[in-house]
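# Analysis of the macromolecular model
So the chains spell out like this:
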Amino acid sequence: MTQSPADAATPVVSAFYDRFPYPGDPLQDGPPPGYNWRWCVDTAYAASTGALPPQRSEGRPLRILDAGCGTGVSTDYLAHLNPGAEILAVDISPGTLEVARERLRRSGGDRQASVRIENRSLLELQGEGPFDYINSVGVLHHLREPEAGLRALAALLAPGALLHLFLYADGGRWEIHRSQRALTALGVGSGAEGLRLGRQLFTELPGHNRLRRHHEQRWAIDCAADANFADMYLHPQETSYNLERLFAFVASAHLHFAGFSNPQVWDPARLLGGELLERARALPPRQQWQLVEDLDPDISHFEFFLSQGEPARHNWSDDGALLAARGRRNRCLWGWPGTALLDSDMAPLDLSADGQALLQAVEASGAAGQQADEALSRPLGELPLDWEQARLLETARTLLRQQVLLLQAGTCNAA
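Residues numbered from 1 in each chain as written. Predicted model: local features only at pLDDT ≥ 70, side-chain atom pairs only at ≥ 80, totals over all residues. Heavy atoms only, no water.

Right, let's talk about the packing of helix H15 (residues 353-366) against helix H16 (residues 389-401) for a bit. The contact between H15 and H16 brings their axes to 9 Å, and the two run at 90 degrees. As the angle between them shows, H15 and H16 are arranged roughly perpendicular. Between H15, through Asp354, Gly355, Leu358 and Leu359, and H16, the contact on the second element is made entirely by Arg391, Leu392, Thr395, Ala396 and Leu399. Classifying every residue of the contact of H15 with H16 by side-chain character gives 5 nonpolar, 2 polar and 2 charged. (Axes fitted to C-alpha atoms, helices over the stretch in contact; angles between N-to-C directions. Helix = DSSP H or I, 4+ residues; strand = E, 2+ residues; numbered from the N terminus. Parallel < 35°, antiparallel > 145°, perpendicular 65-115°, else oblique. Contact = heavy atoms within 4.5 Å. Nonpolar A, V, L, I, M, F, W, Y, C, P; charged D, E, K, R; others polar.)

Printed below as a string of structure tokens:
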């Protein structure tokens, strides 16, 4: 008796990605370029909660699930940004996994972390958890039943762990959806013929046509690789959301929304100023986000963190808690140990002399740890800086705002 697939769309989606292994990023020798802080567990946790995750029991490695790893781009970053971790990367497409294994081999990611890459559905991972971090980018919206996928991932989360998701948004995909429907109506298929005719569509539409202009102005570079074009316009199974349906989706798995992983996109100050911004700031967060969604029809995806229950949040407004905290430098920086850095989002950041001195003291204090990447400093109040307390507190809070310094609560409870 043949067992039915875990999700009704699995066979057709698996075959699609065997034809078009995605994402189409080229393989390269050596580590992946730069960093993506959303795939560095310490940085992601600090961005979401204000603090580093609680320390694990001695000797227990960080456990990460990459649920729907595709050609291994995310897995590669997860391995390099979380050295020593145990990573399980799964995907339903054997063809993409061949690329993923080669990517990790060539980059050295399989030597940075203990990585298992397996041809499995995220719906069939019972017994593999719990995981300290789950990454599932661009996956659940390709299931026939995304809610079942979210529940399956929720069951694998360790207490206090984070789940990072990326899902399509209705607003910024208006033109894409129309193009998809047109290609479906024309019966071009989802193989090589569909790829040829899909590209032809955008050369034959009139130059002033909105769909053609939108593709050429926004997506042409992203779709240069055939796999990326096919994933955008020829995919056989896709769901997208607006904010209202997104939060209903989260609630269906009884998970807590722990924040966007691109919070700057959802800041009304990106779109408004003056009195209108003041009015926007007076709204509750959900209404602010709804306002941004209504004002910016180019938002094409949601990326966000979820957790089991609301995680403890730290704002470090209590002086005693801050002085008792132990620190670590954010791994996602470019240019350290200098003062002219690129921050987590690859934006220019100039450290003050005090900021550099405090960060150097944190690193020196933690260097005695057996695992340098895991080492925390002595409590900030015990660092050998010979500063007045007010100077130390002000400098530490500046580094926290800049997301250069990451802290773990000490014996005092944070606010």
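Additional details are given in the paragraphs that follow.
Attention shifts here to the packing of aromatic side chains. The geometry of two aromatic rings is summed up by the distance between their centres and the angle between their planes. Across all of its chains, the model carries 18 aromatic pairs by this definition. With a centroid separation of 4.6 Å and 10 degrees between ring planes, the pair formed by Phe260 and Trp266 is classed as stacked. Using a relative accessible area of 8% as the deciding quantity, one classes Phe260 as buried. Residues Phe260 and Trp289 carry aromatic rings whose centres are separated by 5.0 Å and whose planes lie at 80 degrees to one another, so their mutual orientation is edge-to-face. (Phe/Tyr/Trp six-rings, centres within 6.5 Å; stacked < 30°, edge-to-face > 60°. Buried < 20%, exposed > 50% of the residue type's maximum accessible area, 1.4 Å probe, protein only.)

Attention now moves to helix H8 (residues 192-204). For H8, spanning 13 residues, the distance from its first C-alpha to its last is 18 Å, which sits close to the expected 18 Å at 1.5 Å a residue. When we look at burial in H8, the residues that qualify are Gly194, Leu195, Gly198, Leu201 and Phe202. Mapping the buried residues of H8 onto a view down its axis gives an arc of 120 degrees, with all of them on the same face. Opposite the buried face of H8, by more than 90 degrees, sit the exposed residues Ala192, Thr203 and Glu204. Those residues of H8 that are buried are in contact with helix H7 (174-185), helix H9 (210-219) and helix H10 (226-233). (Expected span 1.5 Å × (residues − 1). Arc of directions from axis to C-beta.)

Along the polypeptide, Glu310 turns up in the loop between strand E7 (301-307) and helix H14 (319-324). With relative accessibility at 58%, the residue Glu310 sits in the exposed group.

Next up on the list: the pairing of strand E6 (residues 256-260). Looking along a regular strand, one sees the side chains alternate between the two faces of the sheet. Counting buried residues in E6 gives 4 out of 5 residues, a clear majority hidden from the surface. With 4 bridges connecting them, E6 and E7 associate as antiparallel partners. Following the sheet pairing, His256 is matched in E7 by Ser307. (Pairing = 2+ DSSP bridges.)

Our next topic: H16. Between its first and last C-alpha atoms H16 spans 18 Å; for 13 residues at 1.5 Å apiece the expected length is 18 Å, and the two agree. The set of residues buried in H16 consists of Leu392, Leu393, Thr395, Ala396, Leu399 and Leu400. Summarising the contacts, the buried residues of H16 are in contact with H14, H15 and strand E11 (405-408). Gln403, located one to two residues past H16, shows a positive phi value of around 55 degrees.

A separate point is the pairing of E7. In terms of burial, E7 is largely enclosed, as 6 of its 7 residues are buried. Across 7 bridges, strand E5 (residues 157-168) lies against E7 in antiparallel orientation. The residue of E7 that forms the bridge with Leu163 is Leu306.

Here the focus is the sheet that holds E5. With respect to topology, 7 strands assemble into an open sheet ordered E3-E2-E1-E4-E5-E7-E6, the strand pairing being mixed. Only two strands of the sheet have a single neighbouring strand rather than two, namely strand E3 (114-119) and E6. Pairs of neighbouring strands in the sheet enclose a mean axial angle of 20 degrees, with direction left out of account. Along the sheet, helix H2 (residues 41-49) contacts strand E1 (63-67), strand E4 (131-137), E5, E6 and E7; its crossing angle with E5, the most-contacted strand, is approximately 85 degrees.

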